[in-house]
Every structure is written in C-alpha cells, then in structure tokens.
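# Descriptive analysis of the structure
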Amino acid sequence: MDWTGKVAFITGAGTGIGFGIARAFSDAGMRLALSYRDEAQRARCDAWFAQRGREAPLWIRLDVTDRPAFADAADKVIDHFGKCHVLVNNAGVSVFGPTDEASHADYDWIMGVNFGGVANGLVAFLPKIKATGEGGHVVNVASMAAYLSGPQAGIYTASKFAVRGLTESLRYNLAPHGIGVSLVCPALVATDAGLSALKRPARFGESGFAPVDEAELRHFASAFSNGMDPLEAGEKILRGVSENRGLIFTHPEFAEDFKDIYETSLAALPNEEAPPERLEIERKRRAANKAALAGARINLADLT
C-alpha cells in the first residue's frame, strides 16, 4: 500500500500511542491532522516534524466526548486537506477501581471517552471518508483488555469489549465501500496512560472509587516505563493497516491467555447435537459474513 499523500486524522496524538502512530504514518508519507489536549505536548510533537522537514500537522484541540466539536474537527480536516482517508480513534483513559463500588460518574466518564469517543469519530468522519470514493481505513485502538478482564478494570474492560464488538461488526459494513477496518489491541506501552485518574474532569467528580492516592498511582504507572516504545507500536499498527488486517496485536506475550480462552470457551459449549434448523441459521450467518468481507452488502433477509 502506498500511503504517500493520504490524509489521516488521529485522536489523542499529542502523546503515547497516538504520537507513535502519527510518526509511523508520517514516515510512510501521510499527511496528518492530529487532535490534542495539552499545549506543551503539542509543542514537543511539532518539534519532531520540524526537525525532519516534514509538513506540519493540522492540530485540532478536541475533547472526543464533545460531539459538535468532533463534527467541527471533521469539517476542518476537509477544509484544510480536501479529503480524509484514514481515521484513527485512539484517545482513551485508563482508570481502575473495584467495579462493585463504581458510581454513574465513573461509568459515564470512562465509557464516554473510550467507547463514546470512538462512536463520535465514526459519525463525524465516515461520511467524509466515503465521500472521497477512494477507499480508506478506520483504526480503532482498544486494548488487550478487549479480551482479558481483571478485578480492578471492570468499566475500562467493558469499554474495550464494546470497541472490539463495534469494530468487528463495522468491518463487514465498510468492506463494500473499499474501507478497511482494524481493531488494535496493544498491551503495555511506555506512556503516561496510568495517570489518567489525575486528569478526571470535574463534571465526573462523584466517583464511587476511593480517593486517588497519587503516590500509589504513580508507583503503579511506573510499570508503563517497561512498555513497548510507542513508535514501535505505531509501526506495527501501520503494517497491520497496510495488510488490511481486521485484528492487530502489537505484543506477543498472550499465547497462554488465548489458549485458556479457547479451551474454556469450547468446554462451556453443551455436549449435544443442535437441530438442523438452527444449524442452517448459523450456516447462513457465516456465509453472510464471508460475503460481506468480500464486498457484498448484507441485509436481514440474507441471515434467514
């Protein structure tokens, strides 16, 4: 895939994985529109492009939960570049605490950013990408938490499971338009994601979790320093997008987990014969999915 001159919009690109993706995309010759929240981070990123004589990105300050602002960002990208080919929904928050103690504000904030931000990006940008008639790609950055749950990450995990389900379904919908879709599930990357709880907006202040112990949180976040370099993650993501992979794993550490998921799932299936009528429905579902990935538009009638 020759990405030279293609236009990409990346959310949360001022730091971490987002900036890693931005650098990898720039190295591939893409033109960039990047969302950010912090001016100092933006300045540091700008220096990277300037030092290499690259075209300066179009920077757009954006809260991904703000739907009108997201729609305005899409308009700005089109006004500036004339088109958009690639959308990367990357912005997210990593917040942890026992799920049984969570408040509505905890759910609203974490789900609003991690899942709502993806939905807002799709609604704002998909019409623009389709309108080019040149195809393109959607990249939704989730997490290994889209497959692996844990006792301190219930809402975070729910948000990433939701992004996974949405992305897998969207791949079928966009194939007829020549638009690829990739779910990215990174694990530990050297970012400041572990400090998200220190950036909690005041409007979501009524948390059910215990008050943040900053020293404890910073100790936890120090584990991220052992993570993958964000540029390496970005390069792996670019490679997966170029190959139109529906699923992009950046880390190799999880064979044991997936073996356990596979064996547990198979063992949970009832050991009995299914009736022919139900088998036929599932056969049609599988056939429809394959046809969709091959470019067919699937209707409800194709499933029954």
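Look a little higher up for the structure.
Below you will find a few notes about this structure. Bear in mind that the values here come from a model prediction, so they are computed numbers and not experimental data.

This paragraph deals with empty space enclosed by the protein. Per the stated rule, a full pass over the model turns up one cavity of 30 Å³ or more. Lining the largest cavity, in full, are Thr 11, Val 64, Asn 89, Asn 90, Ala 91, Val 113, Gly 117 and Val 118. Class assignment for the residues of the lining of the largest cavity results in four nonpolar, four polar and no charged.

A word on the sheet that holds strand β5 (residues 136-141). The parallel open sheet is built from seven strands, whose spatial order is β3-β2-β1-β4-β5-β6-β7. Bordering the open sheet on either side are β3 (58-61) and β7 (247-249), each of which pairs with just one other strand. Going from strand to strand, the sheet's axes swing by 15 degrees on average, the running direction of each strand aside. Looking at chain direction, strand β1 (residues 7-10) and strand β2 (residues 31-36) are connected through four bridges and run parallel. Counterpart to Phe 9 in the pairing with β2 is Ala 33.

Here we come to the packing of helix α4 (residues 104-114) against helix α6 (residues 154-174). Running from N to C, α4 and α6 cross one another at 30 degrees; their axes reach a closest spacing of 9 Å. Relative to α6, the crossing made by α4 is right-handed. Facing Asp 106, Tyr 107, Ile 110, Met 111 and Asn 114 of α4, the residues of α6 in contact are Ile 155, Tyr 156, Ala 158, Ser 159, Lys 160 and Val 163. For the contact of α4 with α6, the per-class residue count stands at seven nonpolar, two polar and two charged.

The rules behind the values
- Residues numbered from 1 in each chain as written.
- Predicted model: local features only at pLDDT ≥ 70, side-chain atom pairs only at ≥ 80, totals over all residues.
- Heavy atoms only, no water.
- 1 Å grid on protein atoms, 1.4 Å probe; cavity = no way out; pocket = protein on both sides within 12 Å on 5 of 7 lines; lining within 4 Å.
- Points joined across faces, edges and corners; volume = space filled by probe spheres on them.
- Nonpolar A, V, L, I, M, F, W, Y, C, P; charged D, E, K, R; others polar.
- Pairing = 2+ DSSP bridges.
- Helix = DSSP H or I, 4+ residues; strand = E, 2+ residues; numbered from the N terminus.
- Axes fitted to C-alpha atoms, helices over the stretch in contact; angles between N-to-C directions.
- Left-handed = near helix turned anticlockwise from the far one by under 90°.
- Contact = heavy atoms within 4.5 Å.

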